[in-house]
Amino acid sequence: MSTPTIVWLRRDLRLADQAAFHAAARQGPVIPVYVLDDEVAQHRRMGGAARWWLHHSLRSLDADLRALGSRLVLRRGRSHEELAAIRRETGARTVHALHHYEPWWRNAERAVAQHFDLRLHHGNYLAPPGSITSGGGGPYKIFTPFWRALQQRLPPPMPLPAPQHLAPPAFWPASDPLGRWRLLPSAPDWAGGLRDHWQPGEAGAQSRLARFVVQAPSYEQRRNLPSVGGTAMLSPHLHFGEISPAQIWHAVAGLGGSVETFLGELGWRDYAQNVILQLPDYGSRNGKTQFDALPWRSGDAAEADLAAWQSGRTGYPIVDAGMRELWHTGWMHNRVRMIVASFLIKHLLIDWRRGEQWFWDTLVDADYAQNSVNWQWSAGSGIDANMFVRIMAPLSQSEMFGAGDYIRRWVPELASLPDSQIHDPVRRPDGYPRPIIGHAEGRARALAAFAAVKGK
DNA sequence: TACATATTACC
DNA sequence: GTAATATGT
């Protein structure tokens with residue numbers, strides 16, 4: 001029997017269009033390995049919602065592998081140590097994996113490469129991050145020119161087929177029982193809403209894509225209406241790599257209508273990855289250093305406001321609906337994400353990193369690049385040019401995007417109010433709070449604080 | 001071919 | 001305001 005090859009899985013938990021599986025399957029026996037490696041220094045520990053998703057995604061991948069005559073080996077610890085142990089157990093000398101760009105993988109990959117012939121493949125982005133450079137040869141800072149340049153590289157390669165069979169090794173290395181990792185919440189079980197809304201795994205990703213394909217041509221008209229829900233809801237599947245952007249691209253490109261707008265969102269995902277590649281600390285450091293001087297609020301009053309925001313009790317119906325949707329389902333509509341982020345940063349004048357941390361813990365799609373880039377975009381602290389202090393008015397956004405039914409769904413205290421009242425109720429039903437800050441007051445405070453750091 | 005300056009746009 | 005490019009010297 002020939003020497004087995006390791007497929008080292010990270011956020012690429014799929015069989016189709018998975019270049020590491022594709023390459024390894026042709027070399028003989030394959031050992032698929034997932035190492036839970038987020039407890040080491042520098043590695044951001046996954047949040048609670050993401051851990052719930054990971055549990056189910058790993059179980060799904062293991063079932064899919066067993067149907068091919070294989071299985072998933074689970075190990076916990078430092079990636080290079082666990083892989084080296086498997087090498088000693090099985091004699092494997094080659095590791096196939098996909099490229100990942102979170103800063104903590106740099107050291108891990110270097111260490112793995114000391115023990116193995118490490119073959120890294122592309123395939124989790126439309127184009128390899130770092131490969132799109134501006135006329136001056138440097139990385140892009142602004143989305144639009146980046147996207148124009150990326151489009152020159154499209155279409156992405158045709159998706160690779162899933163392997164039909166994966167030869168098992170002569171014997172399997174030890175594998176942890178998934179349950180021992182305790183990725184699921186113990187009491188209280190807060191995951192009921194997640195179970196109702198999501199099907200983690202490759203099959204769930206494909207069915208979500210199939211549902212979206214028929215709606216993709218009307219994406220433009222529907223995507224900003226939280227009551228309608230015209231977005232693809234593929235973000236957690238993409239984050240865990242249960243589906244590739246190339247698969248999505250080839251499923252929707254050419255359908256007409258506003259598909260181009262949707263593809264721009266896939267482009268934004270590539271863009272964010274390119275930003276953290278040039279600035280690995282983007283999740284904790286302002287892109288523009290003058291924002292380091294911004295007088296964010298702190299202390300008991302700010303902490304109380306943060307808690308009200310987190311629990312959906314700000315007294316702004318659209319903000320509260322979004323925050324409760326997040327808590328219940330692990331996801332929030334994109335338009336509402338922008339509104340709640342603006343509210344925290346501008347109206348409450350709370351550091352964007354606090355919001356980023358909350359999203360990191362509660363979103364099933366929590367992604368280092370996306371979360372960092374999007375929060376810095378909301379704060380205006382990022383490297384992308386940004387002329388004014390953008391302060392979204394929650395009430396007019398709520399009206400403009402017809403959020404009435406969305407609010408009724410997530411803020412049941414307000415369910416009986418008519419459209420004329422629901423965005424800004426004059427009489428607050430029992431138990432629904434008054435606004436924790438007035439719009440004009442919050443706006444003025446934010447303008448003063450941001451003016452202090454603008455213009456150098 | 002370098003470098004300055006004008007133009008355009010900023011999900 | 002400033003990134004990126006087009007245009008000028």
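Residues numbered from 1 in each chain as written. Chains lettered and ligands numbered in written order. Predicted model: local features only at pLDDT ≥ 70, side-chain atom pairs only at ≥ 80, totals over all residues. Heavy atoms only, no water.

Draft legend 1. Here's a closer look at the packing of helix 3 (residues 79–90) against helix 4 (residues 104–115). Taken N-terminus to C-terminus, the directions of helix 3 and helix 4 make an angle of 20 degrees; their axes are 8 Å apart at the nearest point. In terms of their interaxial angle, helix 3 and helix 4 are classed as roughly parallel. For the pair helix 3 and helix 4, the crossing hand works out as right-handed. Residues Ser-79, His-80, Leu-83, Ala-84 and Arg-87 of helix 3 form the contact with helix 4, whose participating residues are Trp-105, Ala-111, Val-112 and His-115. Of the residues assigned to the contact of helix 3 with helix 4, the class counts are five nonpolar, three polar and one charged. (Axes fitted to C-alpha atoms, helices over the stretch in contact; angles between N-to-C directions. Helix = DSSP H or I, 4+ residues; strand = E, 2+ residues; numbered from the N terminus. Parallel < 35°, antiparallel > 145°, perpendicular 65-115°, else oblique. Left-handed = near helix turned anticlockwise from the far one by under 90°. Contact = heavy atoms within 4.5 Å. Nonpolar A, V, L, I, M, F, W, Y, C, P; charged D, E, K, R; others polar.)

Draft legend 2. View of the packing of helix 7 (residues 202–213) against helix 10 (residues 245–252). Relative orientation of the contacting elements helix 7 and helix 10 amounts to 30 degrees, with a least axis distance of 10 Å. Comparing their axes, helix 10 and helix 7 come out roughly parallel. Classified by chirality, the crossing of helix 10 by helix 7 is right-handed. For the pair formed by helix 7 and helix 10, the contact residues are Gln-206, Leu-209, Phe-212 and Val-213 on the first element and Gln-247, Ile-248, Ala-251 and Val-252 on the second. For the contact of helix 7 with helix 10, the per-class residue count stands at six nonpolar, two polar and no charged.

Draft legend 3. Representation of the UniProt feature "binding site: FAD" (unreviewed entry) in chain A. In this structure's numbering, the residues bearing the UniProt feature "binding site: FAD" (unreviewed entry) are Tyr-219, Thr-231, Ala-232, Met-233, Leu-234, Ser-235, Phe-262, Asp-365, Ala-366 and Asp-367. In terms of the greatest pairwise C-alpha distance, the residues named above, spread along 149 residues, do not form a single cluster, extending to 23.1 Å across. When the annotated set is filtered for residues lining the largest cavity, what remains is Ala-366 and Asp-367. Looking at where Leu-234 falls in the secondary structure, it is placed in the loop between helix 8 (219–222) and helix 9 (235–239). Exposure remark for Leu-234: the relative accessible area of 4% places this residue in the buried category. Residues in contact with Leu-234, not counting those within four places in the same chain, are Ala-205, Arg-208, Leu-209 and Ile-248. (UniProt positions renumbered as here; feature names shortened; annotations may be inferred. 1 Å grid on protein atoms, 1.4 Å probe; cavity = no way out; pocket = protein on both sides within 12 Å on 5 of 7 lines; lining within 4 Å. Buried < 20%, exposed > 50% of the residue type's maximum accessible area, 1.4 Å probe, protein only.)

Draft legend 4. Seen up close, the pairing of strand 1 (residues 5–9). For strand 1, a buried count of five out of five residues is recorded, marking the element as mostly surrounded by other parts of the structure. The side-chain alternation of strand 1 yields two buried faces, one formed by Thr-5, Val-7 and Leu-9 and the other by Ile-6 and Trp-8. Relative to strand 2 (residues 30–36), strand 1 runs parallel, the two being bridged by five bridges. In the sheet register, Ile-6 faces strand 2, and the bridge partner there is Ile-31. (Pairing = 2+ DSSP bridges.)

Draft legend 5. The arrangement of the protein's contact with DNA strand B in detail. Contacts to DNA strand B come from Ile-142, Phe-143, Thr-144, Glu-265, Trp-268, Ala-385 and Met-387. The sugar-phosphate share of atoms of DNA strand B within 4 Å of the protein amounts to 25%. A distance of 3.4 Å separates a base nitrogen of DNA strand B from a polar side-chain atom of Glu-265. For the surface near DNA strand B, the secondary structure elements donating two or more residues are helix 5 (143–151) and helix 11 (259–278). Grouping the constituent residues of the surface near DNA strand B by class yields five nonpolar, one polar and one charged. (Near = heavy atom within 4 Å. Polar contact = N/O pair within 3.5 Å; in protein donor to acceptor, adjacent residues only side chain to side chain.)

Draft legend 6. Just the protein's contact with DNA strand C, in detail. Within the structure, DNA strand C sits among Ser-134, Gly-135, Tyr-140, Lys-141, Ile-142, Pro-145, Ala-385, Asn-386 and Met-387. When atoms of DNA strand C within 4 Å of the protein are sorted by moiety, sugar and phosphate together comprise 62%. Ile-142 is positioned such that a nitrogen or oxygen atom in its backbone is 3.3 Å from a phosphate oxygen of DNA strand C. The class makeup of the residues in the surface near DNA strand C is five nonpolar, three polar and one charged.

Draft legend 7. Local environment of the environment of Ala-67. Looking at the secondary structure, you find Ala-67 in the loop between helix 2 (48–66) and strand 3 (73–76). The exposed category is assigned to Ala-67, whose relative accessible area is 66%. Separated by 33 residues in the primary sequence, Ala-67 and Tyr-34 have C-alpha atoms spaced 18 Å apart.

Draft legend 8. Examining the packing of aromatic side chains more closely. For the structure shown, the criterion picks out 24 aromatic pairs. Between Phe-212 and Tyr-219, the aromatic rings sit 5.9 Å apart at their centres with planes inclined by 90 degrees, giving edge-to-face as the arrangement. Judged by relative accessible area, which is 3%, Phe-212 ranks as buried. Taken together, the aromatic side chains of Tyr-140, Phe-143, Phe-146, Trp-147, Trp-268 and Tyr-271 make up a single cluster linked through ring pairs. Here Arg-10 stacks its cationic end above the ring of Trp-8, 4.1 Å away from the centre of that ring. Positioned above the aromatic ring of Trp-105 is the side chain of Arg-10, whose terminal nitrogen or guanidinium carbon lies 4.6 Å from the ring centre. (Phe/Tyr/Trp six-rings, centres within 6.5 Å; stacked < 30°, edge-to-face > 60°. Lys NZ or Arg CZ within 6 Å of the ring centre and 35° of its normal.)

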